Amino acid sequence: MSTSSFLLVLAAAILHASWNAVVKAGVDRLVTTWAIVTMAAVVNLPILAVAGLPRREVWWVIGVTIIAHVAYELLLVAAYERVDLSIAYPIARGTAPVVTTVAGVMLLGDRLPAVGLIGIAMVTTGLVVAATGRTLTHTQWAFATGLMIATYTVIDGYGVRKNGDAVSFIGTSFILHAILLSVIVVIRRDRSTLVSAISANPGTLLFAGAANAGAYLFVMIAARVEPLGLVSGLRETSTLFGLLFASRFLGEHVTRRQTIAIAVAAAGAIAIALA
């Protein structure tokens, strides 16, 4: 993996952990997620105005991926409503690289060097062990979230490569999936609740929205030139930062077992970078 791709994906990992911590800290996590996604769409509007729309050939891919992204967000909310960030986040992020790697090789023709495969295995093993050192009650939601992460990563990886430009593809999908999520949330929540959610803390939500959009854009820029398995594996080092935020800002207890497991994952990320 090139240095530029490595730095982009590492930055994405930090941004991703940041907005997930904001969701977990929210009183109404569905509304908080909706507000972050809406802010991400707002951030993407001027970017898309400059980048232009995607090619017509990829609009069907965008249609599929916005459904996958909304499903992911609903599963993520369900997971965070049942277990701590320090449990749900490692499981969700640790499940995705394995599925993404297999799908990337089988569907997109990716080829991974041996050191890259070793790195992905270390990242995934470390993250899953970090989560399973605690109770496994309700973790099926986190596993389902991980499967959906892998699903939209493969779809978007294909779409970005087909489109030839990550910015227009991701910008369009972010805006459209925000609209779809808004329809769902308006049905499930009172509209005044949505307005008050944004007005109560617009600065934090704007930051989280920008982090949401930026994290995924960085990943897809790297995915244009790097195998999806390597990108996905390195991206899951976000769990390092997720555990830090869970301990420092959310008051969750992080065990020594989790810390060691995450160190293994970090070593795996270095192996990916060297691949």
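Residues numbered from 1 in each chain as written. Predicted model: local features only at pLDDT ≥ 70, side-chain atom pairs only at ≥ 80, totals over all residues. Heavy atoms only, no water.

### Some thoughts on the overall build of the chain
Within the chain one finds 12 helices and 0 strands. In the chain, the order of α-helices and β-strands from amino to carboxyl end is α-α-α-α-α-α-α-α-α-α-α-α. Considering the chain as a whole, with its 275 residues, one finds that 54% of them fall into the buried category. Counting only contacts in the chain whose residues sit at least 6 apart along the sequence, the fraction spanning at least 24 positions is 89%. Counting every atom, the chain has about 11,100 Å² of accessible surface; 69% of that belongs to carbon and sulfur. (Helix = DSSP H or I, 4+ residues; strand = E, 2+ residues; numbered from the N terminus. Buried < 20%, exposed > 50% of the residue type's maximum accessible area, 1.4 Å probe, protein only. Contact = heavy atoms within 4.5 Å. Areas by Shrake-Rupley, 256 points an atom, 1.4 Å probe, with all protein chains shown as cover.)

### Brief notes about the pattern of salt bridges
Side-chain pairing between opposite charges can occur once the charged atoms of the two side chains come close. Applying the stated criterion across every chain yields a total of 2 salt bridges. Two residues, Arg189 and Asp28, come together in a salt bridge whose shortest N-O distance is 2.8 Å. With Arg189 in the loop between helix H7 (166–188) and helix H8 (191–200) and Asp28 in the loop between helix H1 (3–25) and helix H2 (29–51), this residue pair connects regions lying 161 residues apart in the sequence. Taking the relative accessible area as the measure of exposure, Asp28 reaches 24% and is therefore partly exposed. A salt bridge links Glu57 to Arg55; the nearest nitrogen and oxygen atoms lie 2.6 Å apart. Classification of Arg55 by relative accessible area gives partly exposed; the value is 41%. (Salt bridge = Lys/Arg side-chain N within 4 Å of Asp/Glu carboxyl O.)

### Quick notes on the nonpolar core
Of all hydrophobic cores here, the largest spans 80 residues; its most connected members are Trp19, Ile170 and Met220. Leaving out residues up to four positions away in the same chain, Ile170 has contacts with Val160, Tyr216, Leu217 and Met220. (Core = buried A, V, L, I, M, F, W, Y, C linked by side-chain atoms within 4.5 Å.)

### Points about the side chain of Thr153
In this fold, Thr153 is placed in helix H6 (residues 140–163). Engagement of the side chain of Thr153 in a polar contact is seen with the backbone oxygen of Ile149, the distance being 2.6 Å. If sequence neighbours within four positions are ignored, Thr153 has contacts with Thr100, Tyr216, Met220, Leu228 and Arg235. (Polar contact = N/O pair within 3.5 Å; in protein donor to acceptor, adjacent residues only side chain to side chain.)

### Some words on the packing of aromatic side chains
All chains considered together, the criterion is met by 4 aromatic pairs. Aromatic side chains Tyr72 and Tyr152 sit 5.1 Å apart centroid to centroid with 65 degrees between the ring planes, which places their arrangement in the edge-to-face category. With a gap of 80 residues between them, Tyr72 in helix H3 (residues 59–80) and Tyr152 in helix H6 connect regions that are remote in the sequence. Accessibility classification places Tyr72 together with Tyr152 in one group, the buried group. (Phe/Tyr/Trp six-rings, centres within 6.5 Å; stacked < 30°, edge-to-face > 60°.)

Any link to function would need more than the numbers given here.
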